[in-house]
Amino acid sequence: MLRPEADLDGEVLTGDLSGSSAGNARFLECTFQRCDLTELSAPRARFADTGLYAVHGAGVDLAESTWLDCVVQGARLGAVQLFGAELRRVRFEGCKIEFLNLRGARLAECAFVDCQLVEPDLAEATLEKVDFAGSRLVAPDFGRARMKDVDLSGADVAGPRGLAGLRGATVSRLQLIGLAPALAAELGIVVAD
């Protein structure tokens, strides 16, 4: 069913989609339910009003894809390429995603709710009105990111890099204390006891 430049409208996709190729495909009001997306290649695909529920897999290529009014719920994914992608009004809920590459991506009005993101790459990404409520970010890279109205105050952020990219983000007082050693190291500040 999946093929490059396909137009799918209202389709329900289930089962093994591993190794499929769907570059430049368009998905409108589609549902991906418990799919294996291992090695799925769908660069420059467009997703609108589409839901991904309990999908899993590694090596998913969604580079330069476009997402509008979508939901990703209960996903278990690794090595996801979303660099250069555009996401608007996308909600990630209860997901565990390792090595999420959002380098250079644009996210607007998105939410990561109760997610675990391991080594997410947000370098050079543009984030506006993005919330990370209840999420855990492990070793995120914020290098040269541009942020506006980004709320990290409800997240657990561990071992971040590129902290200058947090300009425009909101953190809690407790988070600021936790970030102090990384900030000092990045700025070359020596802290004496």
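Not measured: the values here are computed from a predicted model. Starting from 1, residues in each chain are numbered consecutively following that chain's sequence as written. Per-residue local features are limited, in this predicted model, to residues with pLDDT of at least 70; the limit for side-chain atom pairs, both in listing and counting, is 80 or more; totals at the level of whole chains, interfaces and linings are taken over all residues. With hydrogens and water stripped out, all remaining heavy atoms of the structure feed into the side-chain values.

Enquirer: Residue-level account of unusual backbone geometry, with values.
Expert: Backbone geometry places Asn 24, a non-glycine residue, at a positive phi of 60°. Examined against the element boundaries, Asn 24 turns out to sit in the loop between β2 (12–16) and β3 (26–28). Think of it in three bands: residues with accessible area under 20% of the maximum for their type are buried, residues over 50% are exposed, and the middle band is partly exposed, with areas taken using a 1.4 Å probe on protein chains only. A relative accessible area of 28% means that Asn 24 is categorised as partly exposed. Its identity is not glycine, yet Arg 89 carries a phi of approximately 55°, on the positive side. Strands are runs of DSSP state E lasting at least two residues, helices are runs of H or I lasting at least four, and both sets are numbered from the N terminus onward. Examined against the element boundaries, Arg 89 turns out to sit in strand β10 (residues 86–93).

Enquirer: Could you give an account of the pairing of strand β9 (residues 76–81), naming the residues involved and the relevant values?
Expert: Pairing between strands is defined by DSSP: at least two bridges between the two strands are required. Bridge count for strand β7 (residues 56–61) against β9 is 5 bridges, and the pairing is parallel. In the strand pairing of β9, Val 60 is matched with Val 80. Inspection of the sheet shows β9 paired to strand β11 (residues 96–101) by 5 bridges, in the parallel sense. From the neighbouring strand, Arg 76 faces β11, where its bridge partner is Lys 96.

Enquirer: Now, about the side chain of Asp 121: what can you tell me, with residues and values included?
Expert: In this fold, Asp 121 is placed in the loop between β14 (116–118) and β15 (126–128). With near-sequence residues (within four places) excluded, Asp 121 lies in contact with Leu 100, Asn 101, Leu 102, Arg 103 and Asp 141. The contact criterion used throughout is that any non-hydrogen atoms of two residues lie within 4.5 Å.

Enquirer: Please provide a residue-by-residue account of the environment of Ala 75, values included.
Expert: Along the polypeptide, Ala 75 turns up in the loop between β8 (66–73) and β9. With a relative accessible area of 0%, Ala 75 lands in the buried category. Once the C-alpha coordinates of Ala 75 and Arg 34 are considered, the two residues, 41 residues apart in sequence, prove to be 8.6 Å apart.

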